[in-house]
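# Close look at the chain arrangement
Letter by letter, the chains look like this.
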Amino acid sequence: MPAGPEIDRLWFDPAEMLIGGAWVPASQTLPVEDPSTGSEIGRLARGGAGDVDAAVAAAVAARQGDWGRMTAAERGRILARIGRMVLERADDLAVIEAMDVGKPLKQARADAVALARYMEFYAGAADKVMGETIPYLDGYTVYTLREPHGVTGHIVPWNYPMQIVGRSVGAALAMGNACVLKPAEEASLTALAFARIAMEAGLPPGALNVVTGLGEEAGAALSSHPGVHHLSFTGSVAVGRLIQTAAAANIVPVTLELGGKSPQLVFADADLDAALPFLVNAGIQNAGQTCSASSRILVERSRYNEVVERMATRYAALRVGPARADLDVGPLISARQKEIVAGFLAMAPEGSVAAKGTVVADAPEGGHYVAPTLLAGPGPDHPLSRDEIFGPVQVVIPFDGEDEAIAIANGTDYGLVASVWSENGGRQMRMAKRLRAGQVFVNNYGAGGGVELPFGGVGKSGHGREKGFEALYGFSVLKTVAARHG
Ligand code: NAD
């Protein structure tokens with residue numbers, strides 16, 4: 001797989017971070033790895049506590065300067081411009097993401113378009129967040145104002161860098177916050193490219209700052225910084241706990257999105273032809289490295305064998321290879337992630353592998369490839385059915401009746417997304433109410449991504465809502481003004 005022409009598309013130096021409108025190097029760098037080949041394709045700035053201090057100071061200055069004084073309509077206009085420019089450069093962004101994350105090109109391009117959509121959505125929403133007037137005592141006028149927190153910290157994972165930057169930074173900027181963004185060390189390139197575009201689009205210096213580097217260095221410095229007024233984090237439960245602890249020390253609000261073990265419930269009366277592509281795609285998209293991946297398929301017993309067989313046929317046709325070959329599935333992000341997934345697969349009970357996809361013969365040897373694996377056998381309490389694997393692995397589990405379906409579906413620590421496949425309207429509504437999840441889909445899964453749809457979890461999937469209009473409430477503070485005028 002030639003690496004040359006794609007690397008030429010990197011129109012910036014990833015060893016520079018954005019602080020106060022200036023592109024600055026760090027004293028050290030980290031390797032940038034292409035997961036499709038395992039080879040180094042560049043160097044990334046390894047920012048530290050001093051860089052975070054400077055970024056927070058720049059954000060404070062932006063809030064006190066042009067950015068803080070800007071009207072909501074003007075902020076919206078800048079976001080709209082960023083959105084247009086992101087769309088114009090969607091192909092370039094897709095190539096960068098494919099190199100950096102290993103995503104098949106089509107999926108990477110869809111992420112670039114989603115990033116543009118977040119900018120468009122929050123551009124239009126920026127001047128539509130309103131307070132209320134509250135009927136109160138005689139002689140009083142009472143109203144509420146929605147104000148920005150001030151400086152917001154955004155710690156982003158490697159699986160969907162563009163989408164997660166879009167949803168979190170887009171909403172925060174729309175409300176007038178000044179952002180400090182710490183992308184994942186495994187995949188920071190499109191966050192840096194986005195920041196370049198935002199500056200070209202006229203975002204004032206300091207409104208967005210990007211400090212790249214390691215989680216335990218730049219990430220920890222950002223989450224514990226006393227100058228940060230709100231934290232937004234997407235990633236693992238273990239690090240989410242650290243972020244919430246750091247937020248507690250500074251008494252600042254935090255939004256946590258920590259993944260899940262999301263089920264699809266297939267009842268005997270489901271339209272299987274419609275369901276099948278969703279059942280499989282929701283598990284293998286982005287090689288299963290998706291917080292809302294559907295890693296459990298629960299099937300009413302009378303159709304269990306049929307679903308396993310039909311999913312197995314699809315699995316057998318899946319092809320895995322380098323991102324630029326644009327097959328069904330790309331590599332995992334890193335050797336470490338591949339090891340984690342291999343560890344899970346080693347726990348599969350004998351005879352439980354129903355089908356596997358194929359890693360293409362010319363996939364580069366150093367790439368982190370795992371054949372998608374469909375499991376029929378592990379019970380609902382098996383670690384493969386309870387823990388987040390973050391790889392292309394799905395477990396199919398039988399159930400008898402609605403109560404058992406709910407008991408299994410709600411029986412993990414997580415609660416991010418769920419779906420119900422049934423032609424019975426009453427059952428759809430009952431299941432939607434009883435499922436413990438932040439989003440429930442009826443006869444679909446994911447609804448095409450939906451930047452408009454509030455998203456977040458319950459339980460160990462986290463708390464707070466991102467996406468949609470709801471995110472704007474999370475990125476703002478409500479002030480009540482009570483005026484006594486007689
Ligand atoms: P992670 O939670 O370690 O990293 C996510 C982000 O947090 C990165 O930007 C990282 O630099 C930062 N970070 C790490 N340690 C930090 C610290 N001490 N303080 C502040 N920030 C810190 O996730 P990972 O190691 O990349 O992946 C591990 C597991 O997390 C995966 O196997 C998967 O189960 C889960 N995960 C979930 C999501 C999701 O979307 N919910 C995304 C990525 C990973």
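Calculation criteria
- Residues numbered from 1 in each chain as written.
- Predicted model: local features only at pLDDT ≥ 70, side-chain atom pairs only at ≥ 80, totals over all residues.
- Heavy atoms only, no water.
- Core = buried A, V, L, I, M, F, W, Y, C linked by side-chain atoms within 4.5 Å.
- Buried < 20%, exposed > 50% of the residue type's maximum accessible area, 1.4 Å probe, protein only.
- Contact = heavy atoms within 4.5 Å.
- Near = heavy atom within 4 Å.
- Polar contact = N/O pair within 3.5 Å; in protein donor to acceptor, adjacent residues only side chain to side chain.
- Areas by Shrake-Rupley, 256 points an atom, 1.4 Å probe, with all protein chains shown as cover.
- Helix = DSSP H or I, 4+ residues; strand = E, 2+ residues; numbered from the N terminus.
- Nonpolar A, V, L, I, M, F, W, Y, C, P; charged D, E, K, R; others polar.
- Domains from an automatic or database assignment.
- Buried area = accessible area lost by both parts, 1.4 Å probe.
- Salt bridge = Lys/Arg side-chain N within 4 Å of Asp/Glu carboxyl O.
- Pairing = 2+ DSSP bridges.
- pLDDT = per-residue confidence, 0-100.

Another aspect to go through is the nonpolar core. In terms of nonpolar packing, the biggest core is built from 90 residues, with I82, Y122, F194 and L208 touching the most fellow members. When residues no more than four places from it in sequence are discounted, the contact partners of I82 are M119, F194, I197, A198 and A201. Counting residues in each nonpolar core, the second largest holds 53 residues, with Y315, V393, F399 and A409 among its members.

Taken together, the neighbourhood of the ligand is formed by 27 residues, with V156, W158, K182, E185 and S236 sitting nearest. In this structure, an oxygen atom belonging to the ligand sits 2.7 Å away from a side-chain N or O atom of K182. The backbone of A220 places a nitrogen or oxygen atom 3.4 Å from a nitrogen atom of the ligand. In isolation the ligand exposes 800 Å². Once the protein is present, 91% of that is buried. Going through the elements one at a time, α9 (215-223), β10 (230-234), α10 (237-250) and α13 (335-345) are the ones with two or more residues in the shell around the ligand. Looking at the shell around the ligand residue by residue, the class counts come to 14 nonpolar, 8 polar and 5 charged. Looking at the shell around the ligand, you find at least three residues from each of domain 1 (7-259 + 463-480) and domain 2 (262-413 + 417-450).

Here we take up the domain arrangement of the protein. When its domains are assigned, the protein resolves into domain 1 (7-259 + 463-480) and domain 2 (262-413 + 417-450). Each of domain 1 and domain 2 was reduced to a C-alpha centroid, and the two centroids are 30 Å apart. Between domain 1 and domain 2, the contact holds 25 residues from the first and 29 residues from the second. Buried surface at the junction of domain 1 and domain 2, both sides included, amounts to about 2100 Å², of which 51% is carbon and sulfur. Per-residue buried area on domain 1 facing domain 2 is highest for S36, W158 and Y160; these three make up 25% of the total on that side. Applying the counting criterion to the domain 1 and domain 2 interface returns 2 salt bridges. Between K106 and D326 there is a salt bridge, with the nearest N and O atoms lying 3.4 Å from each other.

Examined against the element boundaries, R109 turns out to sit in helix α6 (residues 105-125). When the C-alpha positions of R109 and M199 are compared, they lie 22 Å apart, and in sequence the two are 90 residues distant. Those residues in contact with R109 that sit more than four places away from it in its chain are A90, D91 and A94.

Moving on, we come to the sheet that holds strand β5 (residues 133-134). Read across the open sheet, the 3 strands follow the order β5-β6-β22; overall the sheet is antiparallel. Both edges of this open sheet fall to β5 and β22 (476-484), since each of them pairs with a single strand only. Of the pairings in the sheet, the one linking β5 to strand β6 (residues 140-148) comprises 2 bridges and is antiparallel in character. The residue of β6 that forms the bridge with T133 is Y143.

Below, the discussion takes up the confidence of the model for the protein. Of all residues in the protein, 98% attain a pLDDT of 70 or more, and the chain-wide mean is 96. This model gives residues 1-5 a pLDDT under 50, and the stretch forms 5 contacts once residues within four places in sequence are excluded.

Turning our eyes to something else, we now look at the pairing of strand β19 (residues 417-421). Regular strands have side chains that alternate between both faces of the sheet. Within β19, 5 of the 5 residues are buried, leaving the element largely enclosed by the surrounding structure. Residues V417, S419 and W421 point to one face of β19 and A418 and V420 to the other, with burial holding for every one of them. Across 3 bridges, strand β12 (residues 262-266) lies against β19 in parallel orientation. Within the sheet, the bridge partner assigned to Q264 lies in β19 and is S419. Here 4 bridges tie β19 to strand β20 (residues 439-442), and the two strands are oriented parallel to one another. In the strand pairing of β20, V417 is matched with Q439.

Bringing the side chain of Q163 into the picture now. With respect to the element layout, Q163 can be found in helix α7 (residues 161-174). At 3.0 Å, the side chain of Q163 and the side chain of D111 are in polar contact. Leave out the neighbours within four places in its chain, and Q163 touches D111, A114 and Y118.

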